[in-house]
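So you can see what is in the structure, the chains are spelled out below.
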Amino acid sequence: MNYKTCILEKGKQYETLEDILPKSGNLDILFIAKTPATISVNKGHYFQGKQGRMFWNKLADYHILNVPYGEYEDNYLLKNNYGITDIVKIPRDFGNEPSKEEYREGYLRILEIIERYKPKVIIFVYKKVLDEILSIKHGFKIKSDYGFNPQYDSDFNSKVFVFPMPGTPCTRETSELAMNELSKIIIKK
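So, here's what we can say about the structure. All values reported here derive from a predicted model rather than from experimental measurement. (Residues numbered from 1 in each chain as written. Predicted model: local features only at pLDDT ≥ 70, side-chain atom pairs only at ≥ 80, totals over all residues. Heavy atoms only, no water.)

## As for the overall build of the chain
No. 1: When helices and strands are tallied, the chain shows six helices and seven strands.
No. 2: When the helices and strands of the chain are placed in sequence order, the string is β-β-β-α-α-β-α-β-α-β-α-β-α.
No. 3: Against the globule reference of 16 Å for 189 residues, the chain gives a C-alpha radius of gyration of 16 Å, in line with a compact fold.
No. 4: Across its three principal axes, the chain shows a C-alpha extent of roughly 45 × 45 × 35 Å.
No. 5: Per-residue burial over the chain gives 50% buried out of 189 residues.
No. 6: A sequence separation of at least 24 residues applies to 66% of the contacts in the chain between residues at least 6 apart.
No. 7: Charge separation in the chain, taken as the distance between the mean sites of 28 positive and 25 negative side-chain charges, equals 1 Å. (Helix = DSSP H or I, 4+ residues; strand = E, 2+ residues; numbered from the N terminus. Rg over C-alpha atoms; globule rule 2.2 N^0.38 Å. Buried < 20%, exposed > 50% of the residue type's maximum accessible area, 1.4 Å probe, protein only. Contact = heavy atoms within 4.5 Å. Lys, Arg positive; Asp, Glu negative; His and termini not counted. Charge placed at Lys NZ, Arg CZ, Asp CG, Glu CD.)

## Section: the nonpolar core
No. 1: Phe31 and Phe156 are the most contacted members of the largest nonpolar core, which totals 56 residues.
No. 2: Listing elements by their share of this core, those giving two or more residues are β3 (29–33), α2 (50–61), β4 (82–86), α3 (100–117), β5 (121–124), α4 (127–138), β7 (159–162) and α6 (172–188).
No. 3: With six residues, α3 is the largest single contributor of residues to this core.
No. 4: Residues contacting Phe156, with those up to four places away along its chain left out, are Ile114, Ile122, Phe124, Leu130, Ile133 and Leu134. (Core = buried A, V, L, I, M, F, W, Y, C linked by side-chain atoms within 4.5 Å.)

## Quick notes on the side chain of Asp86
No. 1: Of note, Asp86 is situated in strand β4.
No. 2: On the basis of relative accessible area, Asp86 is assigned to the buried category, the value being 1%.
No. 3: In this structure the side chain of Asp86 is engaged in a polar contact, spanning 3.3 Å, whose partner is the side chain of Tyr46.
No. 4: Once residues lying within four places of it in the same chain are set aside, the contact partners of Asp86 are Asp19, Ala33, Lys34, Thr35, Pro36, Tyr46, Arg109 and Ile110. (Polar contact = N/O pair within 3.5 Å; in protein donor to acceptor, adjacent residues only side chain to side chain.)

## Focus: the environment of Asp61
No. 1: The residue Asp61 is located in helix α2 in this model.
No. 2: Expressed as a C-alpha distance, the spacing of Asp61 and Ala178, which sit 117 residues apart in the sequence, is 13 Å.

## As for α2
No. 1: Between its terminal C-alpha atoms α2 stretches 16 Å, which fits the 16 Å expected from 12 residues at 1.5 Å a residue.
No. 2: Looking only at α2, the buried set comprises Gly52, Phe55, Trp56, Lys58 and Leu59. Summarising the axial view, the buried residues of α2 lie within an arc of 160°, below the 170-degree limit, and thus occupy one face. Of the exposed residues in α2, the ones pointing more than 90 degrees away from its buried face are Lys50 and Asp61.
No. 3: Within two residues after α2, His63 carries a phi angle of roughly 60°, on the positive side. (Expected span 1.5 Å × (residues − 1). Arc of directions from axis to C-beta.)

## What to know about the packing of α3 against α4
No. 1: Packing of α3 against α4 brings their axes to within 10 Å, and their N-to-C directions diverge by 85°. As summarised for this structure, α3 and α4 are arranged roughly perpendicular, according to the angle between their axes. On the side of α3, the interface is formed by Lys100, Tyr103, Arg104 and Tyr107, while α4 contributes Lys128, Val129, Glu132, Ile133, Ile136 and Lys137.
No. 2: Grouping the amino acids of the contact of α3 with α4 by side-chain chemistry returns five nonpolar, no polar and five charged. (Axes fitted to C-alpha atoms, helices over the stretch in contact; angles between N-to-C directions. Parallel < 35°, antiparallel > 145°, perpendicular 65-115°, else oblique. Nonpolar A, V, L, I, M, F, W, Y, C, P; charged D, E, K, R; others polar.)

## Some remarks on the pattern of salt bridges
No. 1: Scanning the entire structure with this criterion turns up 16 salt bridges.
No. 2: Linking Arg104 and Glu101 is a salt bridge whose minimum nitrogen-to-oxygen distance equals 3.6 Å. Residue Arg104 and its partner Glu101 are located together in helix α3, separated by three residues, close to a single helical turn.
No. 3: With a relative accessible area of 40%, Arg104 lands in the partly exposed category.
No. 4: Glu101 sits in the partly exposed class, given a relative accessible area of 38%.
No. 5: Among the ionic pairs, Lys118 bridges to Glu115, the shortest N-O distance being 3.4 Å.
No. 6: Residue class for Lys118 comes out partly exposed when judged on its relative accessible area of 44%. (Salt bridge = Lys/Arg side-chain N within 4 Å of Asp/Glu carboxyl O.)

This is the structure in structure tokens:
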């Protein structure tokens, strides 16, 4: 399957990746990314850049998503009752951040998705996405932690997890602890 699609934003058409969400029912995990990378859009699959590949590898290392060799990981999300979206659907390359307005608009869309699919766990792939959402919601800067953030569960009616993405200022020890906690919850499902 290829997830490439087109959207119209403010009068301009963009190639992007469609959300991977079920037609109905609740999700075990909803992954919320920042924006599709250009390389990912070109390939029609999520997380195809260098950092993105590390994301998929880490999910496999902790047995959160097991995929046959050579297959695209996003093709197996729905089979595991997982979904994925982006806070902003307009593709960007590394370092090109969404604007505050784009985060605000994306936050409202994300809330609708969460309400519809009632995920057990929301995984923010990038810490900055959750930090931006919390600052929009609460009106001041808030810093989340890598791993579970139970203090924000009631904001989303779900367990909230910040993925310890490789290349971020997250220690190896923090990353391993967070991923082990996530693995325990997911494997129990």
